[in-house]
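# Structure assessment
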Amino acid sequence: MDIPGNKKVVCITGSVWTGSRSAPRHMLVKDGFLRPAWFTTDRKLSDAGYTSISINAFHLANVSQMILAYFKYGGSRVGIMRQAFISAMEDAEKGVLVVGPPEMAAQLAASIPKAIIFTLKDLSMDLSPHLREANSKGQLHRVDVDVFEPGAWTEVHSKMLDILGI
C-alpha cells in the first residue's frame, strides 16, 4: 500500500488503557490523525461508527483482498476495509490512527512496512506473540505506562510524538 511521504500510519495496541481526554488515542486525533471506519459482521463493539456487513460479504471481500486487517470476536469478524483506510489517509492531515488488538497491529505492520506500532504495557507485562515480526522489523515501540503516576498519559503522548518525529 502506498503511503504519502508526509503522512504516517500509527497503530496503538496494548494492555493498559484509559478513558481520559489525555489518552494518546484522543490526543493523536487532535494532532491531525484520522481513525478509519470499521466493519463488523455482528454487533458493534463500542459506540464508534461501524459498517455492518454480512458474513458472506466479509468472505467475498477477504478473498478479493478488500480487507486490510481484521480479527475474530466471538462468532463475528471486526476490521477495516482497504477503502476505508485509503479514505482516511486522503482526508487526514498527519496520517491514519488504528487502535485495536495485537492481531490488527500485526496485520497492519505486515501489509504496511512504514506502519509504526505502539504497544502500551505495564512494566511487568510481556509483549503479545502476534507482535514478534513487527518487533523484529523495527516497527514496534513498547511504551511502559504506570497508570497510577500523575501525568503518565501525557508523557506517553509526548514519547509517541518524539518517535513519530512530530
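Preceding this paragraph is the structure being described.
Residues numbered from 1 in each chain as written. Predicted model: local features only at pLDDT ≥ 70, side-chain atom pairs only at ≥ 80, totals over all residues. Heavy atoms only, no water.

### Regarding the overall build of the chain
Formally: Elements are defined by DSSP. Helices are runs of H or I of four residues or more, strands are runs of E of two residues or more, and each kind is numbered from the N terminus. What the globule rule says is 2.2 Å times the number of residues to the power 0.38, and the radius of gyration is computed from C-alpha atoms. Relative accessibility thresholds used throughout: buried, under 20% of the residue-type maximum; exposed, over 50%; partly exposed, between the two (1.4 Å probe, protein chains only). The contact rule is simple, with two residues in contact once any of their heavy atoms fall within 4.5 Å. Under the counting rule used here, the positive set is Lys and Arg, the negative set is Asp and Glu, and His together with the chain ends is not counted. A charge is said to be at NZ when it belongs to Lys, at CZ for Arg, at CG for Asp and at CD for Glu.
Helix and strand counts for the chain come out as 6 helices and 9 strands. Taken against the 2.2 N^0.38 rule, which gives 15 Å for 166 residues, the C-alpha radius of gyration of the chain at 16 Å falls within 12% of a compact globule. Structurally, the chain occupies a C-alpha span of about 45 × 35 × 30 Å along its principal axes. Within the span of the chain, comprising 166 residues, buried residues form 43% of the whole. Within the chain, contacts between residues at least 6 apart in sequence are counted, and of these 65% link residues at least 24 apart. Positive and negative charge centroids in the chain, built from 18 and 16 side chains respectively, lie 5 Å apart.

### Describing the pairing of strand β7 (residues 95-99)
To keep it simple, the criterion reads: Only strands that DSSP links by at least two bridges are regarded as paired with each other.
The buried fraction of β7 amounts to 5 of the 5 residues, a majority that puts the element mostly inside the structure. Two strands pair when backbone bridges link them, and strand β1 (residues 8-14) and β7 are joined in this way by 5 bridges, in the parallel orientation. Bridge pairing in β7 places Ile-12 opposite Val-99. Pairing between strand β2 (residues 33-34) and β7: 2 bridges, direction parallel. By the bridge assignment for β7, Leu-34 is matched with Val-96.

### What to know about the packing of aromatic side chains
Here is the rule: Note on ring pairs: Phe, Tyr and Trp rings are taken, using the six-membered ring of Trp, and paired if centres are within 6.5 Å. Classes follow the plane angle, with under 30 degrees stacked, over 60 edge-to-face and the rest tilted.
Evaluation of the coordinates by the stated rule reveals 3 aromatic pairs. Note on Phe-39 and Phe-58: the rings are 6.0 Å apart at their centroids and 40° apart in plane angle, and the pair reads as tilted. One end of the pair, Phe-39, is in strand β3 (residues 38-40); the other, Phe-58, is in helix α2 (residues 55-63), with 19 residues separating them in the sequence. For Phe-39, a relative accessible area of 2% corresponds to the buried category. Following the ring pairs from residue to residue traces out a cluster consisting of Phe-39, Phe-58 and Tyr-70.

### Structural notes on the environment of Thr-40
Mapped onto the elements, Thr-40 comes out in strand β3. The class of Thr-40 is buried, set by a relative accessible area of 0%. In this structure the C-alpha to C-alpha distance between Thr-40 and Gly-74, which are 34 residues apart in sequence, comes to 11 Å. When sequence neighbours within four positions are dropped, the list of residues in contact with Thr-40 reads Tyr-50, Thr-51, Ser-52, Ile-53, Ser-76, Arg-77 and Val-78.

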